[in-house]
Structure formats: C-alpha cells, structure tokens
Amino acid sequence: MSVCWLWVAQVQMNISRYGAPPANYAVGTLLEGVFPAALVELMAAWLARWMVTAPGWADPRREWHHAFWWTLVPNILLLGTAYLMTVEGQ
C-alpha cells in the first residue's frame, strides 16, 4: 500500500510541477517496491510449509491475531513516512 501511495504521489507531483506525467508513468517505482514485497511474501509462504507448530495447545487463529498486531505499527510507520514525504515535497 505504501508503494502505491508513493507512486500516486510521484505521478501527481510530476504533473503539478511539469504539467506532464513522469516518463513511463514511473513504472520503475512500482517495480522497485512491488518486486521485493512479492519476494518476501513468497519466502514467507515457502517457510510456512516447512514450519510446524509445537505439540500442545497452539491455536493458528491466535497466532495470526498476534502477528497482525505486531505488524500494524511498522505498517503505520511506513504509511506515515510516505505521507510526510508527499506533504514535504509539495
């Protein structure tokens, strides 16, 4: 989501400054952001196949719930950084 936000901001900023969209609509920005994210996702899916939970009372829903809350703050920080970059660039 942050990559898309930065891409839209880059296109809008270029249009407001120069009156035209960037060359190739800044596809390089999308590729530089989406490719590493997709690679990390594929590695996570690959590792998930090889990991096993410990025997006992493990609850996958509870683990996903904790994983969501642990990743919420870094995602908010990324979106905040993208917002500050777009506001400061104007």
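Presented here is an overview of the structure given in this document. (Residues numbered from 1 in each chain as written. Predicted model: local features only at pLDDT ≥ 70, side-chain atom pairs only at ≥ 80, totals over all residues. Heavy atoms only, no water.)

**Description of the overall build of the protein chain**
So the rule is basically this: Strands are runs of DSSP state E lasting at least two residues, helices are runs of H or I lasting at least four, and both sets are numbered from the N terminus onward. As a reference, a globule follows 2.2 Å times the number of residues to the power 0.38, and the radius of gyration itself is taken over C-alpha atoms. Two residues qualify as a contact provided that any one of their heavy atoms is within 4.5 Å of a heavy atom in the partner residue. Using a 1.4 Å probe, accessible areas were evaluated by the Shrake-Rupley method; residue-level cover was limited to the displayed protein chains. For this count, His and the chain ends are skipped, Lys and Arg are scored as positive, and Asp and Glu as negative. Taken as the charge location is NZ of Lys, CZ of Arg, CG of Asp or CD of Glu.
Counting its secondary structure elements, the protein chain contains three helices and zero strands. The helix and strand sequence of the protein chain, counted from the amino end, reads α-α-α. The C-alpha radius of gyration of the protein chain comes to 18 Å, more than 25% above the 12 Å expected for a compact globule of 90 residues. Long-range contacts, defined as pairs at least 24 residues apart, comprise 56% of the intrachain contacts of the protein chain with a sequence gap of at least 6. Of the roughly 7,900 Å² of accessible surface on the protein chain, 72% is carried by carbon and sulfur atoms. With 4 positive and 5 negative side-chain charges, the protein chain shows a separation of 6 Å between the mean positions of the two kinds.

**Observations concerning helix α1 (residues 2-18)**
Here is the rule we go by: Multiplying 1.5 Å by the helix residue count minus one yields the expected span of that helix. Accessible area is worked out with a 1.4 Å probe on protein chains only. A residue is then buried under 20% of its type maximum, exposed over 50%, and partly exposed in between.
Spanning 17 residues, α1 covers 24 Å between terminal C-alpha atoms, matching the ideal 24 Å at 1.5 Å per step. Listed as buried for α1 are Ser2, Ala9, Val11, Met13 and Asn14. Among the structural elements, α3 (60-89) are those in contact with the buried residues of α1.

**Quick notes on the packing of α1 against α3**
We apply this condition: Lines fitted to C-alpha atoms define the axes here, with helix axes fitted over just the stretch in contact, and angles between the N-to-C directions of these axes take values from 0 to 180 degrees. By the definition adopted for this analysis, an angle is roughly parallel if under 35 degrees, roughly antiparallel if over 145, roughly perpendicular if from 65 to 115, and oblique otherwise. Throughout, the ten residues Ala, Val, Leu, Ile, Met, Phe, Trp, Tyr, Cys and Pro are labelled nonpolar, Asp, Glu, Lys and Arg are labelled charged, and all others, Gly among them, are labelled polar.
Two elements in contact, α1 and α3, have axes separated by 10 Å at closest approach and are oriented at 5 degrees. One way to sum up the angle between α1 and α3 is to call them roughly parallel. Residues Ser2, Trp5, Leu6, Ala9, Met13 and Arg17 of α1 touch α3, and the partners they reach there are Leu78, Leu79, Ala82, Tyr83, Met85, Thr86 and Gly89. Tallied by class, residues from the contact of α1 with α3 come to nine nonpolar, three polar and one charged.

**A word on the side chain of Asn14**
When you line up the elements, Asn14 lands in helix α1. Judged by its relative accessible area of 16%, Asn14 falls in the buried class.

**A few points about a nonpolar patch on the surface**
To keep it simple, the criterion reads: Two distance rules govern patches: like charges are joined within 9 Å, and nonpolar side chains (Val, Leu, Ile, Met, Phe, Trp, Tyr) within 5 Å, applied only to residues with over 30% relative accessible area and no salt bridge. For this analysis, a salt bridge means a side-chain nitrogen from Lys or Arg found within 4 Å of a carboxyl oxygen belonging to Asp or Glu.
There is a patch of nonpolar side chains on the surface, built from Trp5, Tyr83, Leu84 and Val87 and spanning about 380 Å² of accessible area. Structurally, Leu84 is set in helix α3. The class of Leu84 is exposed, set by a relative accessible area of 53%.

**Regarding the environment of Val27**
Structurally, Val27 can be placed in helix α2 (residues 27-50). For the pair Val27 and His65, spaced 38 residues apart in the sequence, the C-alpha separation amounts to 34 Å.

**Concerning the side chain of Thr86**
By secondary structure assignment, the location of Thr86 is in helix α3. Not counting the four nearest positions on each side in its chain, Thr86 is found in contact with Trp5, Ala9 and Met13.

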